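Residue-level structural notes
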Amino acid sequence: KNEVEQSPQNLTAQEGEFITINCSYSVGISALHWLQQHPGGGIVSLFMLSSGKKKHGRLIATINIQEKHSSLHITASHPRDSAVYICAVGDTGNQFYFGTGTSLTVIP
Amino acid sequence: KAGVTQTPRYLIKTRGQQVTLSCSPISGHRSVSWYQQTPGQGLQFLFEYFSETQRNKGNFPGRFSGRQFSNSRSEMNVSTLELGDSALYLCASSRQPPGTGRSTGANVLTFGAGSRLTVL
């Protein structure tokens, strides 16, 4: 049983396209994190959400608590956005669950 | 400001040995959490420490243990290594535990570069 499901698993986009990555979860959450992992392993935290919407540059993250769903949007995608994007949730029991990640490739 | 430092970055062990990995968090961060990443299982939560106390633990056998010191530095230990323990071990620090509900920024995670363990 996967507490966190991400889609799509793989995504290829042309530079400039608008990208959406989806995350659905089945547990009651305290917080949801969007992470970015580049080749070589380094992980960067993009957003931490418990409600609503956040924006940072070309990245937007939204969460719908009632529907147990979050989305990560990338506007005007660029090849440097190519990475694996991972959704993670902290549940109300202090456990932490990860999605399997979405591998994004942006072609110039 | 220095980031999260993990040592060693790479290590090779043989089955049956034990290993200790170290994580130095960002100054002022009292929460340190540990994760295992493998190609087959992806990222999995190991455990989380806050102010020297283990707050929660993931679904791993007792061979995996950890501790946190008064200066917030943390170590994790894996005893009786198995081939399947080969993985990238990541730690992350934050001011407050990552599962804390309030979106104040205090629970945003900063990850270290990881320790890549190979078990032969």
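Preceding block: the structure.
The rules behind the values
- Residues numbered from 1 in each chain as written.
- Chains lettered and ligands numbered in written order.
- Predicted model: local features only at pLDDT ≥ 70, side-chain atom pairs only at ≥ 80, totals over all residues.
- Heavy atoms only, no water.
- Pairing = 2+ DSSP bridges.
- Helix = DSSP H or I, 4+ residues; strand = E, 2+ residues; numbered from the N terminus.
- Axes fitted to C-alpha atoms, helices over the stretch in contact; angles between N-to-C directions.
- Disulfide = S-S within 2.5 Å.
- Core = buried A, V, L, I, M, F, W, Y, C linked by side-chain atoms within 4.5 Å.
- Buried < 20%, exposed > 50% of the residue type's maximum accessible area, 1.4 Å probe, protein only.
- Contact = heavy atoms within 4.5 Å.
- Buried area = accessible area lost by both parts, 1.4 Å probe.
- Salt bridge = Lys/Arg side-chain N within 4 Å of Asp/Glu carboxyl O.
- Polar contact = N/O pair within 3.5 Å; in protein donor to acceptor, adjacent residues only side chain to side chain.
- Nonpolar A, V, L, I, M, F, W, Y, C, P; charged D, E, K, R; others polar.
- Phe/Tyr/Trp six-rings, centres within 6.5 Å; stacked < 30°, edge-to-face > 60°.

It is worth spelling out the pairing of strand β6 (residues 53–57) of chain B at this point. All names here are of chain B. Where strand β5 (residues 42–50) and β6 come together, four bridges link them in antiparallel fashion. By the bridge assignment, Glu48 is partnered in β6 with Asn56. Linkage of β5 to β6, two consecutive antiparallel strands, is achieved through a turn of two residues, within which Ser51 is found at a positive phi near 50°.

As a further point, take the sheet that holds strand β3 (residues 19–25) of chain A. All names here are of chain A. Read from one edge to the other, the open sheet built from five strands follows the order β1-β3-β8-β7-β6, with strand pairing classed as antiparallel. Here the strands that pair on one side only, and so sit at the sheet edges, are β1 (4–7) and β6 (52–56). Going from strand to strand, the sheet's axes swing by 15° on average, the running direction of each strand aside.

Residue and element names in this part refer to chain A. This structure, assessed with the given rule, holds two disulfides over all chains. Disulfide pairing places Cys23 opposite Cys87 at an S-S distance of 2.0 Å. As the torsion about the S-S bond is roughly -60°, the Cys23-Cys87 disulfide counts as left-handed. Taken together, the residues span a long stretch of sequence, with Cys23 in strand β3 and Cys87 in strand β9 (residues 83–91) at a distance of 64 residues.

Before going further, it helps to examine the nonpolar core. Within the largest apolar cluster, 24 residues are counted, with the highest numbers of intra-cluster contacts made by A:Leu32, A:Trp34, A:Leu72 and A:Tyr85. At the level of elements, β3, β4 (29–37), β5 (43–49), β7 (59–64), β8 (69–74), β9 and β11 (102–107) of chain A are the ones that each hand at least two residues to this core. Excluding residues within four positions of it along the chain, A:Tyr85 makes contact with A:Gln6, A:Ile21, A:Leu35, A:Gln36, A:Leu46, A:Leu72, A:Ile74, A:Gly101, A:Thr102 and A:Leu104. One finds B:Leu46, B:Phe64, B:Leu81 and B:Leu117 within the second-largest nonpolar core, a separate group that totals 21 residues.

Facing 18 residues of chain A, the contacting portion of chain B comprises 22 residues. Of the roughly 1,700 Å² buried between chain A and chain B, counting both surfaces, carbon and sulfur atoms make up 58%. Joining chain A to chain B, the criterion identifies zero salt bridges. Our enumeration of links across chain A and chain B arrives at two residue pairs in polar contact (both at pLDDT 80 or more). Broken down by secondary-structure element, the contributors of at least two residues to the side of chain A that touches chain B are β4, β5, β9 and β10 (96–98) of chain A. Per-element tally for the side of chain A that touches chain B: the top contributor is β4(A), with five residues. Grouping the amino acids of the side of chain A that touches chain B by side-chain chemistry returns eight nonpolar, nine polar and one charged.

When we look at a pair of aromatic rings, we describe it by the centre distance and by the angle of the planes. If you walk through the whole model with that rule in mind, you get eight aromatic pairs over all chains. A ring pair is formed by A:Phe96 and B:Tyr35, whose centres lie 5.9 Å apart and whose planes are at 50°; its orientation type is tilted. One end of the pair, A:Phe96, is in strand β10; the other, B:Tyr35, is in strand β4 (residues 31–38), on a second chain. Of the two residues, A:Phe96 and B:Tyr35, both sit in the buried class. Judged by centre distance (6.4 Å) and plane angle (55°), the ring pair of A:Phe96 and B:Phe45 falls under tilted. With A:Phe96 in strand β10 and B:Phe45 in strand β5, this residue pair bridges two chains. Judged on exposure class, the residue A:Phe96 and its partner B:Phe45 are both buried. Each member of the aromatic cluster is reached from another via a ring pair, and the members are A:Phe96, A:Phe98, B:Tyr35, B:Phe45 and B:Phe111.

Residues and elements named next belong to chain A. Structurally, the position occupied by Ser77 is in the loop between β8 and β9. Judged by relative accessible area, which is 2%, Ser77 ranks as buried. For Ser77, the side chain forms a polar contact with the main-chain oxygen of Gln14, separated by 3.3 Å. Each residue touching Ser77, except ones within four places of it in the same chain, is listed here: Gln14, Glu15, Gly16, Glu17, Ile19, Arg58 and Val106.

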